[in-house]
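# Analysis of the macromolecular model
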Amino acid sequence: MPGSPVPSPSSSRLPVAELHLHIEGTLEPELIFELAERNGIDLPYRDVEDLGARYEFTDLQSFLDLYYANMAVLVTEDDFAAMTTAYLRRAAVAGVRHAEIFIDPQAHLARGVDLSTSIGGVARALATSLDDFGISTSLIAAFLRDQPADEALSVLEDLIDMRAPIIGIGLDSAEVGYPPAKFAAVFDRARAAGLECVAHAGEEGPPSYIREALDVLQVARIDHGIRAMEDPELVRRLVDEQIPMTVCPLSNVRLRAVDVLAAHPLPRMLEAGLNVSIHSDDPSYFGGYLDDNLDRVTSTFDLDSPTLSRLASNSVRSAFLPEPRKAELLAEVEAWFKERLAATAP
Ligand code: ADE
Ligand code: ZN
């Protein structure tokens with residue numbers, strides 16, 4: 001794509017895989033206004049500043065209310081493609097070399113936007129992500145746990161019927177009161193169709209939701225999972241099985257899952273031997289992309305190079321990628337640290 005920054009593998013940022021990113025959570029205020037104008041939609045905000053001033057959240061639900069409301073500007077396939085391309089451009093600068101991206105198809109269906117428009121627009125931009133931005137990508141359809149399970153099952157059947165370009169399914173939206181087991185049949189069907197399975201669990205919900213996601217939904221990764229730290233026996237299991245946990249520190253602070261970044265359980269999770277990696281969740285709403293999340297935890301916890309290398313390598317190993325691509329990315333991580341060491345040698 002002309003004019004797009006294509007970072008070389010020796011980009012100045014640490015090479016990482018982004019495994020926890022909601023594409024709708026990358027809609028920046030400027031793009032929200034641009035798309036609203038394009039589609040003749042009246043926004044209930046005066047301007048970009050007025051919208052930005054509303055990015056103060058008290059919990060997950062207070063964020064979700066704004067997140068779903070702002071999706072109103074996504075109408076055409078081109079809108080979904082524009083949002084995705086804008087994300088990829090920013091992700092390349094952040095050092096992202098592979099991204100597994102969530103989309104919330106039900107949130108668009110509820111507004112009258114069909115699957116071919118939402119999935120088609122995002123997938124169109126992802127199809128050329130490696131050539132355009134040096135980022136390999138795949139798409140995961142996330143189901144809304146606060147909506148009926150039979151609706152999720154019917155959407156999944158439609159996705160399978162239309163051969164949607166997805167590699168897996170996830171589970172997101174309001175967590176407390178919506179335990180994973182409700183979606184057992186949906187995840188069984190996805191597995192039978194050869195799809196990968198992941199689920200948000202232990203973001204606001206109790207450790208038992210993490211256990212249920214593992215035992216009933218048989219997920220390969222836990223998104224967030226920070227509340228596992230309240231349950232030592234669960235932590236032992238997660239360590240023993242090296243279950244990948246996609247941790248999003250700035251999200252946890254902005255949604256008040258933790259009071260301040262210094263109180264985030266990340267250092268204790270690392271110390272316990274958990275398989276954690278760092279991600280950005282909804283970067284436009286939470287004040288930072290993957291590079292910002294890494295910078296903030298590095299400075300807050302004084303993380304050393306071996307720890308950063310572990311976080312980046314975990315992100316690659318936890319990806320749904322063929323082994324040769326993982327080996328290529330792990331070599332990039334190693335080369336990045338060697339280059340940095342050489343640059344700082346006396
Ligand atoms: N959807 C978008 N972001 C989410 C989050 N942090 N938790 C649950 N559902 C979400
Ligand atoms: Zn999330």
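Just so it is clear, the model here is predicted, and its values are computed rather than measured.

So, on to the pattern of salt bridges. Counted according to the given criterion, the structure contains 19 salt bridges. Residue arginine 38 is joined to aspartate 79 by a salt bridge in which the shortest nitrogen-to-oxygen separation is 2.9 Å. Residue arginine 38 is found in helix 1 (residues 29-38), and its partner aspartate 79 is found in helix 4 (residues 77-93); the two are separated by 41 residues along the sequence. Overall, the relative accessible area of 46% leaves arginine 38 in the partly exposed class. In this structure aspartate 79 comes out as buried when scored by relative accessible area, which is 0%. Among the ionic contacts, a cluster of salt bridges with common partners joins Arg46, Asp50 and Arg54.

Now for the layout of surface pockets. Here the largest pocket defines a volume of roughly 150 Å³. Taken together, Ser12, Arg13, Leu14, Ala94, Asp291, Leu294, Asp295, Thr298, Leu308, Trp336 and Arg340 form the lining of the largest pocket. Broken down by secondary-structure element, the contributors of at least two residues to the lining of the largest pocket are helix 15 (290-301) and helix 17 (323-344). Per-element accounting of the lining of the largest pocket gives the leading share, four residues, to helix 15.

Counted under the stated rule, the structure contains 11 aromatic pairs. Among the aromatic side chains, those forming a connected cluster through ring pairs are Tyr55, Phe57, Phe63, Tyr67, Tyr68, Tyr285 and Phe286.

Reading the values: rules and limits
Residues numbered from 1 in each chain as written. Chains lettered and ligands numbered in written order. Predicted model: local features only at pLDDT ≥ 70, side-chain atom pairs only at ≥ 80, totals over all residues. Heavy atoms only, no water. Salt bridge = Lys/Arg side-chain N within 4 Å of Asp/Glu carboxyl O. Helix = DSSP H or I, 4+ residues; strand = E, 2+ residues; numbered from the N terminus. Buried < 20%, exposed > 50% of the residue type's maximum accessible area, 1.4 Å probe, protein only. 1 Å grid on protein atoms, 1.4 Å probe; cavity = no way out; pocket = protein on both sides within 12 Å on 5 of 7 lines; lining within 4 Å. Points joined across faces, edges and corners; volume = space filled by probe spheres on them. Phe/Tyr/Trp six-rings, centres within 6.5 Å; stacked < 30°, edge-to-face > 60°.

By themselves, these observations are geometric and do not establish any function.
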